[in-house]
Amino acid sequence: VLLVIFVGGILALNFWSSPYPVIEFFDAEPEFLAPGQSSVLSWSVVGASLVQIDQDIGQVTLKGSRSVSPYEDTIYRLTAINGSRNRSVELKVRVS
């Protein structure tokens, strides 16, 4: 939410942001693989002090990508943390 106040010729801007981090996106390309192929996970997070992806990937930057080569259907969970508040999202890469 953006609040603009104009008083006596002075423009004041205030920005209230959510204390919860925002996961803008978490995608896999391609999402469907043949055995031995790779997929690229990509993500963008705002307002987090820590971002992690499970499946032995670990801590990552707020925006980035990582190549993965699962040998079976695998669910990846991205968790964004800001203090005691966090958000998570999952995606599944399928191998057939």
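Our subject is the structure listed above.
Residues numbered from 1 in each chain as written. Predicted model: local features only at pLDDT ≥ 70, side-chain atom pairs only at ≥ 80, totals over all residues. Heavy atoms only, no water.

## A closer look at unusual backbone geometry
A cis amide bond links Glu 29 with the next residue in sequence, Pro 30, at an omega value of -5°. As for its placement among the helices and strands, Pro 30 is situated in the loop between strand E3 (22-29) and strand E4 (32-33). Unlike most non-glycine residues, Gln 55 shows phi in positive territory, near 60°. Assignment of secondary structure puts Gln 55 in the loop between strand E6 (50-53) and strand E7 (58-60). Within the chain, Asp 56 stands out as a residue other than glycine whose phi angle is a positive 65°. (Helix = DSSP H or I, 4+ residues; strand = E, 2+ residues; numbered from the N terminus.)

## Concerning the nonpolar core
The biggest cluster of nonpolar side chains holds 18 residues, and the ones touching the most others in it are Phe 26, Leu 41, Ile 53 and Tyr 76. Mapped by element, the contributors of at least two residues to this core are E3, strand E5 (39-46), E6, strand E9 (74-82) and strand E10 (85-95). (Core = buried A, V, L, I, M, F, W, Y, C linked by side-chain atoms within 4.5 Å. Buried < 20%, exposed > 50% of the residue type's maximum accessible area, 1.4 Å probe, protein only.)

## Side note on the sheet that holds E3
Sheet architecture is open: three strands sit in the order E3-E5-E8, paired in antiparallel fashion. On the outer flanks of this sheet lie E3 and strand E8 (63-68), each paired with one strand and no other. Direction aside, neighbouring strands of the sheet carry axes that sit 15° apart on average. The pairing of E5 with E8 spans six bridges and is classified as antiparallel. Residue pairing across strands places Val 40 opposite Ser 67, the latter belonging to E8. (Pairing = 2+ DSSP bridges. Axes fitted to C-alpha atoms, helices over the stretch in contact; angles between N-to-C directions.)

## A word on the sheet that holds E4
Ordered in space as E4-E10-E9-E6-E7, the five strands form an open sheet in which the pairing is mixed. Sheet topology places E4 and E7 at the edges, where each strand pairs with a single neighbour. Here nine bridges tie E9 to E10, and the two strands are oriented antiparallel to one another. Across the sheet, the residue bridging to Tyr 76 is Leu 91, located in E10.

The quantities given are spatial measurements derived from coordinates; they are silent on function.
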